[in-house]
Amino acid sequence: MLAEDLADFPAAEYQRRLQGLRALMAAADMDAVLLTTDSNHRYFTGHATHRWMHKYTGIYALLPRAGEPVLILTPIEACMGAEDSWIEKIRTFPVSHIFQGVDAIAAAIGELGLEEGRIGTELGGVMWMRMPLQDFDQLQQKLPAIQFVDASPLLWQLRARKSVSEVALIRTAVAITDQAYQVLFEELKPGMSERDIYRLLAVEHLNRGADAPGSITLAPYIPGDTRPSNRTLRRHTERILTHGELIAQDAGGSYRGYWSDYTRTYALGQASETHKEVYRIVYDCLQASLQATRAGVPIAALVQATKATLQKTAYAEHASPITGIGHAMGLDIIEPPFIDFENEVILEEGMILTVEPALKIDGAFIMIEEDVLVTAQGHEVLSSPAPAELLVL
């Protein structure tokens, strides 16, 4: 029974998701989908747990095209599953370190009469099974007549368009990141280290209600430095910040499972005229791509807008190599569809994208990124918009 104080969404929303999946299963001639990964499990069942961090703990859900869905959990996890999931049928299995849950999954499939069915699972398409290969092999041996097929296209298709309730959670996640960035810009000063930036952003996310911080990385331009790892986003180190450097800073966090993720570029103390000029060009590319964002438009049009804008500048030679400028976001911080030049996906209302054009020029990596909701009328920028001119702190 779904407990109100533990529910991310009402049971009706999860039931709508399952009905959507069942329609896609019917079209793909699948009899059930076996879920083994965190995001898909939470999306369809509502059940959330810290035990995803435990690589030896199996957590499964079986969603049939007909019949009751089933949670397949260890006894200690079933206690929470009985309260934070709308699914009433729970099957348990003893904790072990090999073949964990294999017998229980096979039994659940048998209960549904699907011993000779086609069962989808997370076999590809920016997904991978959270089940040891030897366990999956054992499951196949127990069910030799089962045909296991890739369900990832169905799962991503359903998750691409966010419901009103999902958008509300993402708005909260993005607002938390807005506030964390504001504190960073107010408190950043000489003598701080890269690690201090990480700690500040992580703590601010947690203090303001995030489940966890994520994607806190940076790409620093340091005058006189030629280190290749500083030309792209990387982890923070103990390095002390220097006057005159330029930083592309990525940050985000999850709120009730849903992510924020966007980048700001700023300078410390001073910035070169070249960096100011390139920042403005990246900003103009971003605005052109945002103007192209609306339901019914090919996602590749956003890349074309950036390339067309760049081709009108003194840096036109950098337009040709650009093939992508972002991705979607939701229960995973990076999700399909990707904003790629050759992607044939058509934008739909309810998609949430991170649009992130960038340039590497004059030794610096300059990126500006916004979290964007595709609407029926066009788009809405969820993140607090980046300034048109380079921020110098």
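For the structure, see preceding data.
Treat the numbers as computed from the prediction; the structure is a model and nothing was measured.

Q: Please clarify how the packing of aromatic side chains should be interpreted in this entry.
A: How two aromatic rings sit relative to each other is set out by the distance from centre to centre and by the angle between their planes. All told, the structure shown has 8 aromatic pairs when counted by the stated rule. With 5.8 Å between their ring centres and 25° between their planes, Tyr 181 and Phe 185 make a pair best called stacked. One end of the pair is Tyr 181 and the other is Phe 185, both in helix α7 (residues 164-187) and 4 residues apart, which spans about a single turn. Residues Phe 185 and Tyr 266 carry aromatic rings whose centres are separated by 5.5 Å and whose planes lie at 70° to one another, so their mutual orientation is edge-to-face. Placement of Phe 185 in helix α7 and of Tyr 266 in strand β10 (residues 262-267) is noted, with a sequence separation of 81 residues between them.

Q: Looking at this model, I keep getting lost on the pairing of strand β5 (residues 118-121). Mind explaining?
A: Regular strands place side chains that alternate from one sheet face to the opposite one. Relative to β5, strand β1 (residues 32-35) is paired through 2 bridges, and the arrangement is parallel. Within β5, the residue paired with Val 33 across the bridge is Gly 120. In terms of strand pairing, β5 meets strand β6 (residues 147-150) through 4 bridges, oriented parallel. Following the sheet pairing, Gly 120 is matched in β6 by Val 149. Handedness of the crossover is the feature at issue here: the chain leaves β5, passes through helix α5 (residues 133-142), returns alongside β6, and the resulting connection is right-handed.

Q: Please explain the packing of α7 against helix α8 (residues 194-207) as it appears in this structure.
A: Working note: a packed helix pair is described by the angle between its axes plus the distance between those axes. As a packed pair, α7 and α8 sit with axes 9 Å apart at the nearest point and diverge in direction by 140°. Accordingly, the angle class assigned to the pair α7 and α8 is oblique. Relative to α8, the crossing made by α7 is right-handed. Between α7 and α8, the contacting residues are Ile 176, Thr 177, Ala 180, Tyr 181, Val 183, Leu 184 and Glu 187 on the first element and Ile 197, Leu 200, Leu 201, Glu 204 and His 205 on the second. In terms of residue class, the contact of α7 with α8 is made up of 8 nonpolar, 2 polar and 2 charged.

What counts, and at which threshold
- Residues numbered from 1 in each chain as written.
- Predicted model: local features only at pLDDT ≥ 70, side-chain atom pairs only at ≥ 80, totals over all residues.
- Heavy atoms only, no water.
- Phe/Tyr/Trp six-rings, centres within 6.5 Å; stacked < 30°, edge-to-face > 60°.
- Helix = DSSP H or I, 4+ residues; strand = E, 2+ residues; numbered from the N terminus.
- Pairing = 2+ DSSP bridges.
- Right-handed = clockwise from strand over helix to strand, strands pointing away.
- Axes fitted to C-alpha atoms, helices over the stretch in contact; angles between N-to-C directions.
- Parallel < 35°, antiparallel > 145°, perpendicular 65-115°, else oblique.
- Left-handed = near helix turned anticlockwise from the far one by under 90°.
- Contact = heavy atoms within 4.5 Å.
- Nonpolar A, V, L, I, M, F, W, Y, C, P; charged D, E, K, R; others polar.

The values are spatial; any link to function lies outside them.
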